[in-house]
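Examining the three-dimensional arrangement
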Amino acid sequence: MINSHPLLKAAKDAAWNGDHDQTITLCSGALAGQNPDSAQRIDLLDIRAESYIAQGKLDLAWQDVQMMHDSFDDDARPEFQAKAYNRQARVELVQGKLDQAIASAKVAAEAA
């Protein structure tokens, strides 16, 4: 669920409406200057990665997945790990890496 960062709801709404450029702009702005907490950072990266996937920018989606994983250094809550590995599985699936996607999805399920 989207938590209290002021731009999260707007970014999610833009994504649901197919305005992925706006989603990416909102998430990037919030990540750069709004000082999100760990949960907000994971959500912003997750939403932005999904918009990158929708645009076919898999390299940028993968970078967001890596930033999600890097966030574990500060806060390794299981729900963060589950969300990051779930998004990783989604990127791998779109890339055609089925075996890797299944492995990532299993890790996500174990972390949940």
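Above: the structure in question.
Presented here is an overview of the structure given in this document. (Residues numbered from 1 in each chain as written. Predicted model: local features only at pLDDT ≥ 70, side-chain atom pairs only at ≥ 80, totals over all residues. Heavy atoms only, no water.)

Between helix 5 (residues 78-94) and helix 6 (residues 98-111), whose axes approach to 8 Å, the crossing angle comes to 165°. Of the possible angle classes, the one that applies to helix 5 and helix 6 is roughly antiparallel. At the point where helix 5 passes helix 6, the crossing takes the left-handed sense. Across from Pro 78, Gln 81, Ala 82, Tyr 85, Asn 86, Gln 88, Ala 89, Glu 92 and Leu 93 in helix 5, the residues of helix 6 making contact are Leu 98, Gln 100, Ala 101, Ser 104, Ala 105, Val 107, Ala 108 and Ala 111. Its residues assigned to classes, the contact of helix 5 with helix 6 comprises 11 nonpolar, 5 polar and 1 charged. (Axes fitted to C-alpha atoms, helices over the stretch in contact; angles between N-to-C directions. Helix = DSSP H or I, 4+ residues; strand = E, 2+ residues; numbered from the N terminus. Parallel < 35°, antiparallel > 145°, perpendicular 65-115°, else oblique. Left-handed = near helix turned anticlockwise from the far one by under 90°. Contact = heavy atoms within 4.5 Å. Nonpolar A, V, L, I, M, F, W, Y, C, P; charged D, E, K, R; others polar.)

Attention shifts here to the pattern of salt bridges. Applying the stated criterion across every chain, the model contains 7 salt bridges. Among the ionic pairs, Asp 13 bridges to Lys 9, the shortest N-O distance being 2.8 Å. Taken together, the residues span about one helical turn, with Asp 13 and Lys 9 both in helix 1 (residues 8-16) at a distance of 4 residues. According to the relative accessible area criterion, Asp 13 is partly exposed, its value standing at 34%. Under the relative-accessibility criterion, Lys 9 is labelled exposed at 55%. In this structure, Asp 64 engages Arg 48 in a salt bridge whose closest nitrogen and oxygen atoms are separated by 2.6 Å. (Salt bridge = Lys/Arg side-chain N within 4 Å of Asp/Glu carboxyl O. Buried < 20%, exposed > 50% of the residue type's maximum accessible area, 1.4 Å probe, protein only.)

The grouping of Leu 93, Leu 98 and Ile 102 at the surface amounts to a nonpolar patch, some 270 Å² of accessible area in total. Inspection of the secondary structure assignment puts Leu 98 in helix 6. For Leu 98, a relative accessible area of 48% puts it in the partly exposed group. (Patch = residues over 30% accessible without salt bridge, like charges linked within 9 Å, V, L, I, M, F, W, Y side chains within 5 Å. Areas by Shrake-Rupley, 256 points an atom, 1.4 Å probe, with all protein chains shown as cover.)

Looking now at helix 3 (residues 38-54). Compared with the 24 Å implied by 1.5 Å per residue over 17 residues, the 24 Å span of helix 3 between its first and last C-alpha is a close match. Burial analysis of helix 3 places 13 of its 17 residues in the buried class, which makes it a mostly covered element. Put simply, Asp 37 is the residue that caps the front of helix 3, since its side-chain oxygen is 3.1 Å from the backbone nitrogen of Ala 39. Remark: Gly 56 follows helix 3 within two positions and exhibits a positive phi of approximately 80°. (Expected span 1.5 Å × (residues − 1). Polar contact = N/O pair within 3.5 Å; in protein donor to acceptor, adjacent residues only side chain to side chain.)

As a further point, take helix 4 (residues 58-70). One turn of the α-helix equals 3.6 residues, which is why residues spaced by three or four share an orientation. In this model, helix 4 (13 residues) spans 18 Å end to end at C-alpha, consistent with the 18 Å of a helix rising 1.5 Å per residue. Within helix 4, the full set of buried residues consists of Leu 58, Ala 61, Asp 64, Val 65, Met 68 and His 69. In a view along the axis of helix 4, the buried residues occupy a sector of 145°, so they form one face of it. At its buried positions, helix 4 is contacted by helix 3 and helix 5. (Arc of directions from axis to C-beta.)

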